[in-house]
Amino acid sequence: MTTPAPASTERGAYAIRMQGIDKSFGPVRANREATLEVVTGEIHALVGENGAGKSTLMRILGGLQKPDAGTLEVNGRDVTGWTTSDAIAAGIGVVHQHFMLVSTLTVAENIVLGEEPVSGGRFDEARANSEVEALSKETGLKVSADRRIADLSVGEAQRVEILKTLFRGARILVLDEPTAVLSPPEVRELWTVLRRLREGGGTIVLITHRLDEVIDISDTITVMRAGETVARLRTSETTPAQIAKAMVGRDVALTSRDEISALGASMPGGAGSTEFKASSDMSSALNVTELVVLGSRGTHEVDGVTLSIRPGEILGIAGVEGNGQTELIEALAGLRPCASGSIRLDGHDVTYKSVAERRSAGLSHIPEDRHRRGLILDYSIADNLVLGLQEAFSTRGMLNGANISSNAKRQIEAFDIRPPSAVLPARALSGGNQQKVVVAREMGREFSVLLASQPTRGVDVGAIEFIHSRLREARAAGKAVLLVSAELNEVLALSDRVAVMYRGRFAAVLPVAEATEDVLGEYMIGMKTDEAVA
Amino acid sequence: MNPFDFLTQTLRIAIPYLFAASGGVIAERAGIISLSLEGYMLTGAFSATLGTFYSGSPWIGLLCGILGGLVFGLIHALATIRYRADQVVVGIAINLLAIGVTRFFLQLAFESSSNSPRIEGFGASAAARGFDNPLLWMGLLSAPVLAFFLYKTRYGLRVRAVGEHPDAAASVGISVARIRYLSVALSGMLAALGGVFLALDQHQFTDQMTAGRGFIAVAAVIFGRWDPVRAALACLLFAAAETLQIQLQGTEVIASQFVSMIPYVLTIIALAGVVGRAVPPAALGKTGE
């Protein structure tokens with residue numbers, strides 16, 4: 001950016017100007033009078049809780065949806081209600097949160113898809129490859145054109161996504177939660193790329209709900225809440241606390257690490273708390289020895305993991321996704337067979353026990369994908385709250401409706417599930433409230449060990465805060481918690497000890513006081529590895 | 001039986017499979033489950049009979065056969081793409097519809113519940129042993145031509161993209177519905193040609209004359225792991241097994257029933273992952289939001 005952001009009166013300087021945008025889906029108003037003004041050549045962060053209307057606004061920008069009211073200007077031209085191809089032609093490139101890549105095709109094929117070079121009726125693969133390689137060199141986004149997407153790491157796949165938009169001549173890049181799947185070094189690399197694009201005159205809109213990222217990279221911030229634009233801030237003049245307050249409309253207890261360690265001594269069950277020190281000589285609640293779990297192709301996805309967790313302790317597992325965390329959790333939960341090794345729950349061997357047996361032995365599990373494993377979306381909230389606990393809610397083989405609804409009423413209140421209606425299908429809830437249903441079911445019962453896998457993935461700040469405090473309460477109540485999270489901050493904020501998983505093994509196990517993002521980062525990408533047991 | 005006879009017999013049995021399997025590959029690569037091959041074939045056979053009978057020309061019959069397959073393909077496409085109906089259910093419904101419709105018109109046109117009168121066919125010369133039948137060559141060429149289309153043209157690339165990740169294709173401005181309509185229509189026409197060959201080869205239409213060949217073709221598609229050339233090789237293998245079974249009838253070497261099981265047994269083995277994992281197109285059968 002060569003010139004400072006001009007005052008809002010200078011129309012031509014806006015790359016994007018959305019004003020008074022209204023958009024309803026049936027009874028739900030996703031956007032109400034939403035405003036977004038992005039100056040050419042800046043990195044603009046669009047933040048807000050889930051369901052705040054960020055995605056809808058971006059879908060309107062990208063031509064996937066038409067607004068009910070309001071105007072959209074791109075580079076000073078009124079383009080309200082345009083189509084996807086209009087938007088692409090005008091230089092808008094959207095990098096979706098879930099990659100829009102065909103995994104069986106090559107990098108080059110994905111990048112040119114829809115605008116394939118042709119010679120003599122044939123798809124010109126050689127030219128596609130050379131064009132992609134030239135673009136890769138020019139932008140510094142390193143990819144190999146002829147590799148298949150299925151063989152790439154997440155970071156590489158994301159580079160392909162960005163190249164895909166640049167290949168179509170994008171000058172305005174919209175990135176939807178781009179860092180959710182990246183390791184810290186990959187995030188830093190992405191920032192370098194985005195800054196370089198900005199220096200080249202590109203405009204970037206970054207959708208995120210990680211406040212540290214917003215502070216790191218953006219020039220300007222737009223905050224949305226409940227479909228409305230509630231603040232437009234200059235990054236240099238604001239603080240994370242102010243942004244968070246604007247997002248949820250009230251003060252939020254930020255679980256950044258420094259604040260936690262500062263509060264640790266005084267907070268019940270906080271990191272460094274002494275409340276459960278007595279437990280150090282108690283036998284561990286979960287004990288895993290030399291566990292090996294095979295993947296679907298016979299590979300060792302978990303390759304000799306040993307860990308034990310005491311009552312009143314949270315062991316956090318950090319690591320880039322796909323290094324065996326999913327398989328480890330599934331094996332512990334009983335969803336995946338163990339090839340060798342043993343699992344002991346409160347001293348009892350459960351290695352070959354079924355899911356149901358482990359659950360009744362005191363194991364609770366918040367699965368990483370609530371849609372796949374956590375909920376039945378078409379069942380009511382009340383029914384979802386008793387999944388797997390049907391026995392306890394039955395009399396003589398029949399479900400006891402009265403018990404189920406009184407349980408639902410209690411849980412909805414205790415876990416603040418909104419809207420507070422037991423009969424709504426889970427599908428009707430926001431991501432954060434769906435997650436609360438899962439958390440309520442798993443934590444609102446008797447348990448001694450909790451497996452919490454990505455417990456706050458895709459949920460809003462308010463729900464994150466709530467779930468974090470529940471996890472701390474569980475620790476204070478003497479539960480053993482195994483936490484797996486792609487959010488390094490979350491692992492650092494909650495755990496007593498941190499293990500880093502790399503290629504199916506623990507590359508490091510550190511007390512949280514010694515774990516910093518830089519130290520962990522090296523282990524996460526395999527630059528360093530100690531054979532560690534937790 | 002000399003080897004040459006074995007070869008001609010195998011080819012004659014393989015041609016309907018080759019057409020139908022090519023049709024199956026193109027639809028499934030675009031993400032639409034293709035259980036309706038049997039129905040397309042039956043429709044193709046009947047339309048070709050009708051066309052040939054009234055015009056006296058097998059070429060007109062061939063065109064009518066293609067048209068019949070196209071109509072049924074479009075019904076299938078409309079139900080699965082536009083109305084997002086369950087693709088397995090629609091596939092089975094198309095097969096039942098084809099049986100009913102052909103039987104109805106058989107009665108109406110020829111006043112028979114079993115078969116049509118004799119019609120002209122291709123390949124008049126007995127000396128040529130069927131090699132003067134243009135459909136034979138079309139059938140043999142269908143797989144290599146389809147492979148070229150799928151792997152070497154831009155539309156083929158789009159078909160593969162749509163079958164794997166329709167959202168990705170849509171996000172770059174490709175019309176998923178259009179690609180799927182085209183693929184299923186093409187699938188109907190190709191498979192119908194298999195039925196056309198049958199009817200012209202036997203010089204008549206008989207009720208339910210396809211007799212499960214469409215399902216053998218589905219098996220070939222899976223056994224061939226959704227690749228046109230491998231699927232064609234599977235068709236030839238199945239046809240060779242069938243020829244062998246015919247030869248073995250009446251001999252005591254091995255019960256012929258075991259030989260007729262070969263296609264199905266091979267398909268089960270293929271699905272179980274013995275000869276490399278059979279990975280279908282990722283979006284196969286997904287009707288989408």
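The rules behind the values
- Each residue is numbered by its place in its chain's sequence as written, counting from 1.
- Chain letters and ligand numbers both follow the written order, the letters beginning at A and the numbers at 1.
- A pLDDT threshold of at least 70 governs which residues receive local features in this predicted model, and a stricter bar of 80 or more applies before side-chain atom pairs are shown or counted, although totals over entire chains, interfaces and linings include all residues.
- Side-chain numbers come from the whole structure's heavy atoms, not from hydrogens or water.
- In this analysis, two residues are considered to be in contact whenever any of their non-hydrogen atoms come within 4.5 Å of each other.
- Buried surface area refers to the total accessible area, computed with a probe of radius 1.4 Å, that the two partners give up upon joining, counted for both partners together.
- Think of a salt bridge as a Lys or Arg side-chain nitrogen and an Asp or Glu carboxyl oxygen that are within 4 Å of each other.
- Put simply, Ala, Val, Leu, Ile, Met, Phe, Trp, Tyr, Cys and Pro go in the nonpolar bin, Asp, Glu, Lys and Arg in the charged bin, and everything else, Gly too, in the polar bin.
- Two strands make a pair as long as DSSP finds a minimum of two bridges between them.
- Helix and strand assignments follow DSSP, with helices taken as H or I runs no shorter than four residues and strands as E runs no shorter than two, numbered in order from the N terminus.
- Among buried residues, those of type Ala, Val, Leu, Ile, Met, Phe, Trp, Tyr and Cys that are joined through side-chain atoms within 4.5 Å constitute a nonpolar core.
- Relative accessibility thresholds used throughout: buried, under 20% of the residue-type maximum; exposed, over 50%; partly exposed, between the two (1.4 Å probe, protein chains only).
- Any two of the Phe, Tyr and Trp rings considered here, Trp counted by its six-membered ring, make a pair once their centres fall within 6.5 Å; the pair's planes then place it as stacked at under 30 degrees, edge-to-face at over 60, or tilted in between.
- In our convention, an over-ring charge means Lys NZ or Arg CZ found within 6 Å of a ring centre and within 35 degrees of that ring's normal.
- Think of a polar contact as two N or O atoms within 3.5 Å of one another; within protein, one of them needs to be a possible hydrogen donor and the other a possible acceptor, and neighboring residues in sequence only count if both atoms come from side chains.
- Here the axes come from fitting lines to C-alpha atoms, over the contacting stretch only for helices, and the angles between their N-to-C directions go from 0 to 180 degrees.
- Roughly parallel means an angle under 35 degrees; roughly antiparallel means over 145; roughly perpendicular covers 65 to 115; every other angle is labelled oblique.
- Two kinds of site are reported from a 1 Å grid over the protein atoms alone, namely cavities, where a 1.4 Å probe fits but cannot get out, and pockets, open sets with protein on both sides within 12 Å along at least five of seven lines, and residues are called lining when an atom falls within 4 Å of a point.
- Grid points are joined across faces, edges and corners, and a volume is the space filled by probe spheres set on the points.
- By definition here, a helix of n residues has an expected span of 1.5 Å times n minus one.

Q: Even after reading the chapter, I still don't get the interface of chain A and chain B, so can you show me in this structure?
A: Note on interface size: it is often stated as the accessible area lost on association of the parts. Residue-level contacts link 21 residues of chain A with 17 residues of chain B. Carbon and sulfur atoms make up 63% of the area that chain A and chain B hide from each other, which totals about 1,700 Å². Run the count over chain A and chain B and you get two salt bridges. Among the salt bridges present, the one from A:Glu116 reaches B:Arg158, with a minimum N-O distance of 2.6 Å. Taken together, the residues that form the side of chain A that touches chain B break down as nine nonpolar, five polar and seven charged.

Q: Where do I start with the sheet that holds strand β2 (residues 28–39) of chain A in this structure?
A: The pairing of strands in a sheet comes from backbone hydrogen bonds and takes either a parallel or an antiparallel form. Taken together, the four strands give an open sheet; going across it, the order is β2-β1-β4-β5 (chain A), and neighbouring strands pair in antiparallel fashion. Among the strands making up the open sheet, the edge pair consists of β2 and β5 (77–78) of chain A.

Q: Even after reading the chapter, I still don't get the nonpolar core, so can you show me in this structure?
A: Here is a general trend for soluble globular proteins: nonpolar side chains tend to be buried in one another's company. A:Ile162, A:Leu194 and B:Leu135 are the most contacted members of the largest nonpolar core, which has 112 residues in total. When near neighbours in sequence (up to four residues on either side) are disregarded, A:Ile162 contacts A:Val95, A:Leu141, A:Leu173, A:Leu175, A:Leu190 and A:Leu197. Residues A:Ile404, A:Val437, A:Val438 and A:Val439 belong to the second largest nonpolar core, which totals 32 residues.

Q: Please explain the packing of aromatic side chains as it appears in this structure.
A: Each aromatic ring pair is specified by the distance between its two centres and by the angle formed by the two planes. Counted according to the given criterion, the structure contains nine aromatic pairs over all chains. Between B:Phe53 and B:Phe110 the ring centres are 5.0 Å apart and the planes differ by 85°, which places this aromatic pair in the edge-to-face class. You can see B:Phe53 sitting in helix α2 (residues 37–55) and its partner B:Phe110 sitting in helix α4 (residues 87–110), a full 57 residues away along the chain. Residue class for B:Phe110 comes out buried when judged on its relative accessible area of 12%. Over the face of the ring belonging to A:Phe415 we find A:Arg470, whose NZ or CZ atom lies 4.3 Å from the ring centre.

Q: Looking at this model, I keep getting lost on the side chain of A:Arg159. Mind explaining?
A: Residues and elements named next belong to chain A. Turning to its location among the elements, Arg-159 is positioned in helix α5 (residues 154–167). For Arg-159, a relative accessible area of 16% puts it in the buried group. Reaching out from Arg-159, the side chain makes a polar contact with the backbone oxygen of Lys-142 at a distance of 2.7 Å. Here Arg-159 is in contact with Leu-141, Lys-142, Val-143 and Glu-189, once residues within four sequence places are set aside.

Q: Hey, could you run me through the sheet that holds strand β24 (residues 505–511) of chain A in this one?
A: Residue and element names in this part refer to chain A. Within the open sheet, the six strands sit side by side as β18-β21-β22-β15-β23-β24. Their pairing is mixed. A strand with exactly one partner marks an edge of an open sheet, and here the two such strands are β18 (363–366) and β24. Averaged over all pairs of adjacent strands, the angle between their axes in this sheet comes to 15°, without regard to strand direction. Taken strand by strand, helix α15 (residues 431–443) contacts β18 and β21 (449–453), and its axis lies near 175° from that of β18. Lying over the sheet, helix α18 (residues 517–524) contacts β23 (497–502) and β24, oriented at roughly 30° with respect to β23.

Q: Can you help me understand the packing of helix α6 (residues 154–164) of chain B against helix α8 (residues 176–202) of chain B in this one?
A: All names here are of chain B. Where α6 contacts α8, the axes come no closer than 10 Å and their chain directions differ by 110°. Between α6 and α8, the crossing angle belongs to the class labelled roughly perpendicular. For the pair α6 and α8, contact is made by Arg-158, Val-159 and Val-162 and by Val-176, Ile-179, Arg-180 and Ser-183, respectively. Of the residues contributing to the contact of α6 with α8, the split by class is four nonpolar, one polar and two charged.

Q: In this structure, what is going on with empty space enclosed by the protein? I would like to understand it.
A: A probe as big as a water molecule, rolled over the atoms, marks out the empty space that is left. Residue and element names in this part refer to chain A. Throughout the structure, instances matching the rule amount to four cavities of 30 Å³ or more. Empty space within the largest cavity amounts to approximately 90 Å³. The wall of the largest cavity is formed by Leu-141, Gly-155, Gln-158, Arg-159, Ile-162, Leu-182, Glu-186, Glu-189, Leu-190 and Val-193. When contributions to the lining of the largest cavity are tallied by element, the ones reaching two or more residues are α5 and α6 (184–199). When the residues that make up the lining of the largest cavity are grouped by side-chain class, the tally is five nonpolar, two polar and three charged.

Q: Looking at this structure, how should I read helix α5 (residues 134–152) of chain B?
A: Residue and element names in this part refer to chain B. The end-to-end C-alpha distance of α5, which contains 19 residues, comes to 26 Å, matching closely the 27 Å that a straight helix rising 1.5 Å per residue would cover. All of the buried residues along α5 are Leu-135, Leu-136, Gly-139, Ser-142, Ala-143, Leu-146, Ala-147 and Leu-150. On the buried face of α5, the contacting elements are α1 (3–29), α3 (58–82), α6, α8 and α10 (228–248).

Q: Looking at this model, I keep getting lost on the pattern of salt bridges. Mind explaining?
A: Residue and element names in this part refer to chain A. If you walk through the whole model with that rule in mind, you get 25 salt bridges over all chains. Here Lys-164 ties to Glu-161 by a salt bridge, and the two come within 3.7 Å at their closest N and O atoms. With Lys-164 and Glu-161 both in helix α5, this residue pair falls three residues apart, about one helical turn. Among the residues examined, Lys-164 registers a relative accessible area of 6% and is labelled buried. Across the pair Glu-330 and Arg-336 runs a salt bridge whose closest N-O atoms are separated by 2.9 Å. By relative accessible area, Arg-336 is classed as partly exposed at 22%. A single network of salt bridges, built from pairs that share partners, joins Arg-310, Glu-313 and Arg-497.

Q: Which parts of the structure should I look at to understand the pairing of strand β3 (residues 43–48) of chain A?
A: Consecutive side chains of a regular strand alternate in pointing toward one face of the sheet and then the other. Residues and elements named next belong to chain A. Of all the six residues making up β3, six are buried; the element is thus mostly covered by neighbouring parts of the structure. Going residue by residue along β3, you find Ile-43, Ala-45 and Val-47 tucked away on one face and His-44, Leu-46 and Gly-48 tucked away on the opposite face as well. Bridging between β3 and strand β10 (residues 203–208) involves five bridges; their strand directions are parallel. If you follow Val-47 over to β10, its bridge partner there is Thr-208. Across five bridges, the pairing between β3 and strand β11 (residues 220–225) is parallel. Along β11, the bridge assignment pairs Ala-45 with Ile-221.

Bear in mind that shape data such as this cannot, by itself, settle questions of function.
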